[in-house]
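The residues making up each chain are set out below.
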Amino acid sequence: MIVTAAKTDFGAFYAAHGDWLKDWLRRYTRCSHRAADLAQDTFCRLIEADEIGSARDPRSYLATVARRILVH
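Since the model is a prediction, treat every value here as computed from it, not as a measurement.

1. Here we look at the confidence of the model for the chain
Line of reasoning, step 1. A residue-level look at the chain finds 85% of positions with pLDDT of 70 or above and a mean pLDDT of 86.
Line of reasoning, step 2. Confidence, read as mean pLDDT per element, is least for helix 1 (residues 5-29) in the chain (87) and greatest for helix 2 (residues 32-48) (95).
Line of reasoning, step 3. Every residue in residues 1-5 scores below 50 in pLDDT, and together they form two contacts with partners more than four places removed in sequence or on other chains.

2. Side note on the packing of helix 2 against helix 3 (residues 58-71)
Line of reasoning, step 1. With their axes 9 Å apart at the nearest point, helix 2 and helix 3 run at an angle of 110 degrees to one another. Put simply, helix 2 runs roughly perpendicular to helix 3. Judged by the sense of rotation from one axis to the other, the crossing of helix 2 with helix 3 is right-handed. Within the contact between the two elements, helix 2 uses Leu38, Asp41, Thr42, Phe43, Arg45 and Leu46 and helix 3 uses Tyr61, Leu62, Val65, Ala66, Ile69 and Leu70.
Line of reasoning, step 2. Broken down by class, the residue content of the contact of helix 2 with helix 3 amounts to nine nonpolar, one polar and two charged.

Rules behind the numbers
Residues numbered from 1 in each chain as written. Predicted model: local features only at pLDDT ≥ 70, side-chain atom pairs only at ≥ 80, totals over all residues. Heavy atoms only, no water. pLDDT = per-residue confidence, 0-100. Helix = DSSP H or I, 4+ residues; strand = E, 2+ residues; numbered from the N terminus. Contact = heavy atoms within 4.5 Å. Axes fitted to C-alpha atoms, helices over the stretch in contact; angles between N-to-C directions. Parallel < 35°, antiparallel > 145°, perpendicular 65-115°, else oblique. Left-handed = near helix turned anticlockwise from the far one by under 90°. Nonpolar A, V, L, I, M, F, W, Y, C, P; charged D, E, K, R; others polar.

Right under this line is the structure:
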């Protein structure tokens, strides 16, 4: 199995911010399952846009993307 830099970067990014995002979303949704689904959607959007690790303040950026998903 070949591990690319992008996969490694995503893994590190998710490890650093995934739990924080789920906790942040849980406060808004009051449902851990919904929060986990929305966190996954948020990270999927970042992967599709190829924007992993491009923000200066990753948690602010994650919260902004997650808020946009919540609104839709």
